[in-house]
Amino acid sequence: HTAVEQKMALVNHLAGGIAHDLNNLLQVVVACTEMALLAAPEPVVASKLHLIADCVNRAGRMSSQLASFSGRMQQNAQVLDTNAALHDCVQLLQRAVGAEIAFESRIAENLHPVMADRSQLENTLINLAINARDAVNGRGRVLFDASNTCTTDAMGNVMEQVQMTLSDDGVGMDQALQRKIFEPFFTTKADGKGTGLGLPMVRRFVDASNGQLTLQSAPGKG
């Protein structure tokens, strides 16, 4: 555990520095792109500028994830209309999974409100969806479920919760692999295909939101 904690401290420091420098660069790109669009360029040029702006927005999301992971960005937690937030997020999950994979969402009606940072909730679900996509390797099914549940705290008080589940019918994992997946930099993906930071970010967000994170998997069982 000490080795993992030391690695986490190193990752936090590194992530915070990268997020700071990346934000500075992105601000310059945003300013230049906006100035170029104000000059009313030809349609072909304008389409390229809009593409740049879209890429900058995606990079900004990554930067926010890194800042949050490092602890340098406070969560903007607020009470969410959970149904509205998740229905908006479904399109992002569909895009993350890809058109070639069968994706289905089952969001129950009248979900309890939750206290969470909406953008980080979306990033968390997208991270899980991307892992599910890679697990099925283009030939499977990914399902997103959301339903009301409840638990009892240490004092015996009943707490209303929303359970969100992303499941797939991919390769699955044995117990030895499951013990490692939340370690920073650990990944089963090929070089250049994963950083090993997605699931540690998921765990960090869930812990900071007073939630619980559970994993069920077995080889060949998704």
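Look a little higher up for the structure.
Residues numbered from 1 in each chain as written. Predicted model: local features only at pLDDT ≥ 70, side-chain atom pairs only at ≥ 80, totals over all residues. Heavy atoms only, no water.

### Describing the nonpolar core
Across soluble globular proteins, nonpolar side chains show a tendency to be buried alongside one another.
For step 1, the next point in the chain: Among the nonpolar cores identified, the biggest contains 29 residues, and L86, L93, F103, I107, L125 and F144 are the most heavily contacted of them.
For step 2, the next point in the chain: Of all the secondary structure elements, the ones that give two or more residues to this core are α3 (82-97), β2 (102-107), β3 (114-116), α4 (118-136), β4 (141-152) and α6 (198-208).
For step 3, the next point in the chain: Excluding residues within four positions of it along the chain, L86 makes contact with I107, L111, L121, L125, F144, A146 and M164. (Core = buried A, V, L, I, M, F, W, Y, C linked by side-chain atoms within 4.5 Å. Buried < 20%, exposed > 50% of the residue type's maximum accessible area, 1.4 Å probe, protein only. Helix = DSSP H or I, 4+ residues; strand = E, 2+ residues; numbered from the N terminus. Contact = heavy atoms within 4.5 Å.)

### Thoughts on a nonpolar patch on the surface
For step 1, the next point in the chain: Side chains of L14, I18 and F185 sit close together on the surface and give an oily, nonpolar patch of about 260 Å² of accessible area.
For step 2, the next point in the chain: For I18, the location among the structural elements is in helix α1 (residues 2-38).
For step 3, the next point in the chain: By relative accessible area, which is 40% here, I18 ends up partly exposed. (Patch = residues over 30% accessible without salt bridge, like charges linked within 9 Å, V, L, I, M, F, W, Y side chains within 5 Å. Areas by Shrake-Rupley, 256 points an atom, 1.4 Å probe, with all protein chains shown as cover. Salt bridge = Lys/Arg side-chain N within 4 Å of Asp/Glu carboxyl O.)

### Focus on the pairing of strand β5 (residues 158-168)
For step 1, the next point in the chain: As defined by bridge partners, β4 adjoins β5 across 11 bridges and the pair is classed as antiparallel. In the sheet register, V142 faces β5, and the bridge partner there is D168.
For step 2, the next point in the chain: Following β4, the chain reverses through five residues before pairing antiparallel with β5; G156 in that reversal takes a positive phi of roughly 90°. (Pairing = 2+ DSSP bridges.)

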